[in-house]
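Here's the letter readout for the chains.
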Amino acid sequence: MRFPFRALVALIMLGFFTLAAWGAAVAPPVRIGVLAWQGLEEAEIRWSSLMNQLEERLAGRRIELRHFDLAGMAAALRAGELDFVVTNPGHYVFLEAENGVSRIATLVADASTDPAHVVGSAVVVLDERRDITALADLKGRTLAAVSADAFGGYQVMWAELRRLGLDPERGQPRPVLTGFPMSKVVEAVLNGDADAGVLRACLLERLEQEGALRPGQLRVLSPRAGMSPCRVSSRLYPGWAFAAAQPTSPALSRDVLVALLSLSPDAAGQSWSVPADYHPVHELLQELQIGPYAFLRETAWPSLWERYWPWVCGLVVMLLAWGAYTLHVEHLVQRRTRELTQAMEARQRLEAQVHEGQQQMDHLSRLSILGELSGTLAHELNQPLAAIGNYARSLLRRQDSGRLEPTALRQAAEEIASESERAAGVLGGIRAFARKRDRVREAHDPAALVREASRLFAGMLQGVPGVMFRQGDEVAGLQVWVDPLQVQQVLLNLFKNAWDAQQAVGCDLPIEVSLSRDGERCSVAVRDYGPGLPPELQARLFEAFFTTKPEGLGLGLSICKTIIEAHGGGIAAAAADPGPGLAIRFTLPLVDGAASVSRESS
Ligand code: ADP
């Protein structure tokens, strides 16, 4: 049986169309979520014609329209249930940041509108309210608005008021939230439930046009001249956004965009335009610290305080405790410093007194030596005075007898001068020895000091034994760093004691003095041939007021010890070896460098 050709073609075409219809039917629907800010019914009415037109232009692809509130739309996007969303500018910015949607078109009032300047707000009051003429007058009033989440219905105006120093969040003005539809805001103002109300741009004009409001019944506060055809109190922001979800394919986005741009304006005259720049919306939300910028509130002081106040209180308590402790320590330190200063001053005063006493004792000791020696001083002075007298009388006699020759005259005059110099020398030495003076440190030849003391000793006392002086080779050329008069004082004391000791046993052997080197010091030993001292008394020899002599003071050796120790040396007594007699040995520092003179007040 032959199958007719025409019937075959018809069958093929039928199959083709059936397949195409089936294909369209089985292709997944384009899922579009819209923000139902005025309720489901309103949204259905508003968007259904758009969806129908879109379906027509998308080659028969089915459109699935779903309505959401703010949170619901974000949840649906997270669950991957939507291909596109249509929402207000504020919410779009939030979804862009949180869910990665990206705008493909912006809704404009009519084709001529700039898509970046569509949404704005008007604050209206009853015309007769003459007490409210500008936005700044809203301080202390009530302000009706649909919802705190409404972009054009609240947030835009909230930002404007903040820029004027007012903040509805702090009750300046106090918001009265009416809920949708926005006509409830108008009612609140008309009824006097609120002093003013926030309407999105152009609603007032529409209501007037529809006759719901008498023109001029409501007045717009602080109207701005600008790009909007309607009266507004705020800046203008981009319109609603049509945005693709992140997983939506670019091909589908392109198809939908082409379809949107080709649509004719809807009943309200609104149409879709190229996507606007939503930066101003970002800035506004950032300023209000809401939407994607709500985290900024976390770092604001009040929220920080709320979260961390126990820590802050703890820290403050610790700081206060630390401050109190520091003050306490500071107080203690000051008190201790005061006490130490006072103790130091007392000690300095005491030292000065001791010093003064020592100086007095020094001086008295020298005077006492002089006192003891003064009996024989007359003898020493007598000799030169007698010689001077003799020469003078001899000159007179020769003069009288006419035998005065110039040579003899000259010789006598020279002798007189020399004897008077000798007498003056004796007196000068005694005066220097006796006077109160500054203590000095000078470099001196120790041998010269010993010789000078021996000479003074011999000149002051009658019948004293000589002083035999020996020095080791190692001392030759060395110098000691001393006060020469004080060293002489020590030597004279030791010579005098040695002589006293020898007198006691009737010995007139010379007193022996020897110099040797003892490390960095020069050692001077004075020995006699007297009775010596038992070891137990040797230890007490340098104590003040220790004496075995009926007329003795017991100060001489104690002063010697003080002087030698002030030079940095030491003094000790021992039985002379070989005996009999006592040997007293003291040390003096050697000069280690320049022989300069240092003076210090004694
Ligand atoms: P004073 O000579 O006034 O007694 P000193 O301090 O000079 O005071 O001497 C104290 C004592 O030390 C003397 O009284 C004496 O007993 C003893 N003394 C000092 N030098 C000698 C000495 N070379 N030999 C024996 N005894 C001495």
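See the structure shown above.
What counts as what
- Residues numbered from 1 in each chain as written.
- Predicted model: local features only at pLDDT ≥ 70, side-chain atom pairs only at ≥ 80, totals over all residues.
- Heavy atoms only, no water.
- Helix = DSSP H or I, 4+ residues; strand = E, 2+ residues; numbered from the N terminus.
- Buried < 20%, exposed > 50% of the residue type's maximum accessible area, 1.4 Å probe, protein only.
- Contact = heavy atoms within 4.5 Å.
- Disulfide = S-S within 2.5 Å.
- Pairing = 2+ DSSP bridges.
- Axes fitted to C-alpha atoms, helices over the stretch in contact; angles between N-to-C directions.
- 1 Å grid on protein atoms, 1.4 Å probe; cavity = no way out; pocket = protein on both sides within 12 Å on 5 of 7 lines; lining within 4 Å.
- Points joined across faces, edges and corners; volume = space filled by probe spheres on them.
- Nonpolar A, V, L, I, M, F, W, Y, C, P; charged D, E, K, R; others polar.
- Parallel < 35°, antiparallel > 145°, perpendicular 65-115°, else oblique.
- Left-handed = near helix turned anticlockwise from the far one by under 90°.
- Near = heavy atom within 4 Å.
- Polar contact = N/O pair within 3.5 Å; in protein donor to acceptor, adjacent residues only side chain to side chain.
- Areas by Shrake-Rupley, 256 points an atom, 1.4 Å probe, with all protein chains shown as cover.
- Core = buried A, V, L, I, M, F, W, Y, C linked by side-chain atoms within 4.5 Å.
- Patch = residues over 30% accessible without salt bridge, like charges linked within 9 Å, V, L, I, M, F, W, Y side chains within 5 Å.
- Salt bridge = Lys/Arg side-chain N within 4 Å of Asp/Glu carboxyl O.
- Phe/Tyr/Trp six-rings, centres within 6.5 Å; stacked < 30°, edge-to-face > 60°.
- Lys NZ or Arg CZ within 6 Å of the ring centre and 35° of its normal.
- Expected span 1.5 Å × (residues − 1).
- Right-handed = clockwise from strand over helix to strand, strands pointing away.
- Arc of directions from axis to C-beta.

Draft legend 1. Expanded view of the overall build of the protein. Scanning the protein for helices and strands turns up 16 helices and 19 strands. Within the span of the protein, comprising 602 residues, buried residues form 39% of the whole. When contacts within the protein are restricted to residue pairs at least 6 apart in sequence, those whose partners lie at least 24 apart make up 75%.

Draft legend 2. Quick look at the state of the cysteines. Tallying each qualifying case throughout the model produces one disulfide. With its sulfur 1.8 Å from that of its partner, C202 forms a disulfide with C230. As the torsion about the S-S bond is roughly 95°, the C202-C230 disulfide counts as right-handed. Taken as a pair, C202 in the loop between β8 (196–200) and α7 (203–210) and C230 in the loop between β9 (218–220) and β10 (241–244) lie far apart in primary sequence, 28 residues in all.

Draft legend 3. Molecular detail of the sheet that holds strand β3 (residues 84–87). Pairing is mixed in the open sheet, where six strands are placed in the order β2-β1-β3-β10-β4-β11. Two strands in the sheet have a free side with no partner beyond their single neighbour: β2 (63–68) and β11 (271–273). Strand-to-strand twist of the sheet, defined as the mean angle between neighbouring strand axes without regard to direction, takes the value 25°. By the bridge criterion, four bridges tie strand β4 (residues 102–108) to β10 in an arrangement that is antiparallel. Bridge pairing in β10 places R103 opposite A243.

Draft legend 4. Region of interest: empty space enclosed by the protein. A complete count under the given rule lists three cavities of 30 Å³ or more for this structure. Here the second largest cavity is characterised by a volume of approximately 40 Å³. As for the second largest cavity, its lining consists of L35, A36, W37, Q38, G39, E42, A43, R46 and W47. Take the lining of the second largest cavity: its biggest share by element is four residues, from helix α2 (residues 40–57). For the lining of the second largest cavity, the per-class residue count stands at five nonpolar, two polar and two charged.

Draft legend 5. The arrangement of the packing of helix α3 (residues 70–78) against helix α4 (residues 89–99) in detail. Orientation of α3 relative to α4, taken along the N-to-C sense of each, is 30°, at an axis distance of 11 Å. Taken together, the axis directions place α3 and α4 in an arrangement best described as roughly parallel. Along this stretch, α3 crosses α4, giving a crossing that reads as right-handed. When α3 is examined against α4, the residues L70, M73, A74, L77 and R78 are found in contact with a partner set consisting of H91, L95 and N99. Of the residues contributing to the contact of α3 with α4, the split by class is five nonpolar, two polar and one charged.

Draft legend 6. Geometry of the side chain of S253. Tracing the backbone through its elements, the reader meets S253 in helix α8 (residues 250–262). Sequence-distant contacts of S253, that is, excluding residues within four places in its chain, are made with F84, I104, A244 and T248.

Draft legend 7. Local environment of the site of the ligand. With respect to spatial proximity, 17 residues lie near the ligand, and among them D528, T547, T548, K549 and L557 are the closest. Here D528 contributes a side-chain N or O atom positioned 2.8 Å from a nitrogen atom of the ligand. Between an oxygen atom of the ligand and a side-chain N or O atom of T547, the distance comes to 2.5 Å. When the ligand sits alone it has 530 Å² of accessible area, and the protein chains cover 92% of it.

Draft legend 8. Quick peek at the nonpolar core. One finds I32, W47, L138, F242, L260 and W272 to be the most contacted residues of the largest nonpolar core, which totals 88 residues. With seven residues, helix α5 (residues 151–163) is the single largest residue contributor to this core. If we skip the residues at most four places from it in the chain, W47 touches V34, L35, L65, V86, L107, W240 and W272. If you look at the next biggest cluster of nonpolar residues, it comprises 40 residues, including L456, W499, L582 and F586.

Draft legend 9. Just a nonpolar patch on the surface, in detail. A contiguous nonpolar surface patch, about 810 Å² in accessible area, is contributed by W305, Y308, W309, W311, V312, V316 and L320. Take V316: its relative accessible area is 41%, and that puts it in the partly exposed class.

Draft legend 10. Local environment of the packing of aromatic side chains. Within the structure shown, the criterion is met by eight aromatic pairs. Note on F242 and W272: the rings are 5.4 Å apart at their centroids and 90° apart in plane angle, and the pair reads as edge-to-face. In this pair, F242 is assigned in strand β10 and W272 in strand β11, connecting sequence segments 30 residues apart. Across the pair, exposure class does not vary: F242 and W272 are buried alike. Put simply, the rings of F84, F242 and W272 pair up and form one aromatic cluster. The ring centre of W240 lies 5.1 Å from the NZ or CZ of R46, which sits over that ring. If you follow R527 out to its NZ or CZ, it ends over the ring of Y529, 3.9 Å from the centre.

Draft legend 11. Molecular detail of helix α14 (residues 484–504). Taking 1.5 Å per residue as the helical rise, α14 with its 21 residues ought to reach 30 Å, and the 30 Å between its terminal C-alpha atoms agrees with that figure. Here α14 lies mainly inside the structure; 17 of its 21 residues are buried. Downstream of α14 by a residue or two, G506 has a phi angle that is positive, lying close to 65°.

Draft legend 12. View of the sheet that holds strand β7 (residues 174–177). Overall, mixed pairing links the five strands, which are arranged β7-β6-β8-β5-β9 in an open sheet. Each edge of the open sheet is held by one strand with a lone partner, namely β7 and β9. The mean angle between the axes of side-by-side strands here comes to 35°, regardless of whether they run parallel or antiparallel. Packed onto the sheet, helix α6 (residues 183–191) meets β5 (121–126), β6 (142–145), β8 and β9 and runs at close to 155° relative to β8.

Draft legend 13. Examining the side chain of T142 more closely. Looking at the secondary structure, you find T142 in strand β6. Classification of T142 as buried rests on a relative accessible area of 13%.

Draft legend 14. Region of the structure containing the pairing of β7. One ladder, built from four bridges, connects β6 with β7; its direction is parallel. Its bridge partner lying in β7, T142 is registered against R174. The handedness of the β6 to β7 crossover, carried by α5, is right-handed.

Draft legend 15. Seen up close, α6. When α6 is considered as a whole, its buried residues turn out to be V185, V186, A188 and V189. Taken down its axis, α6 places every buried residue within 160° of arc, on the same side. Looking at the packing, one finds that the buried side of α6 touches β5, β6, β8, α7 and β9. Count one or two residues on from α6 and you reach G192, which has phi positive near 85°.

Draft legend 16. Expanded view of the pairing of β8. For β8, a buried count of four out of five residues is recorded, marking the element as mostly surrounded by other parts of the structure. The sheet contact formed by β5 and β8 spans four bridges and is antiparallel. Paired with V123 across the bridge in β8 is V198. Of the pairings in the sheet, the one linking β6 to β8 comprises two bridges and is parallel in character. Residue pairing across strands places A144 opposite G197, the latter belonging to β8.

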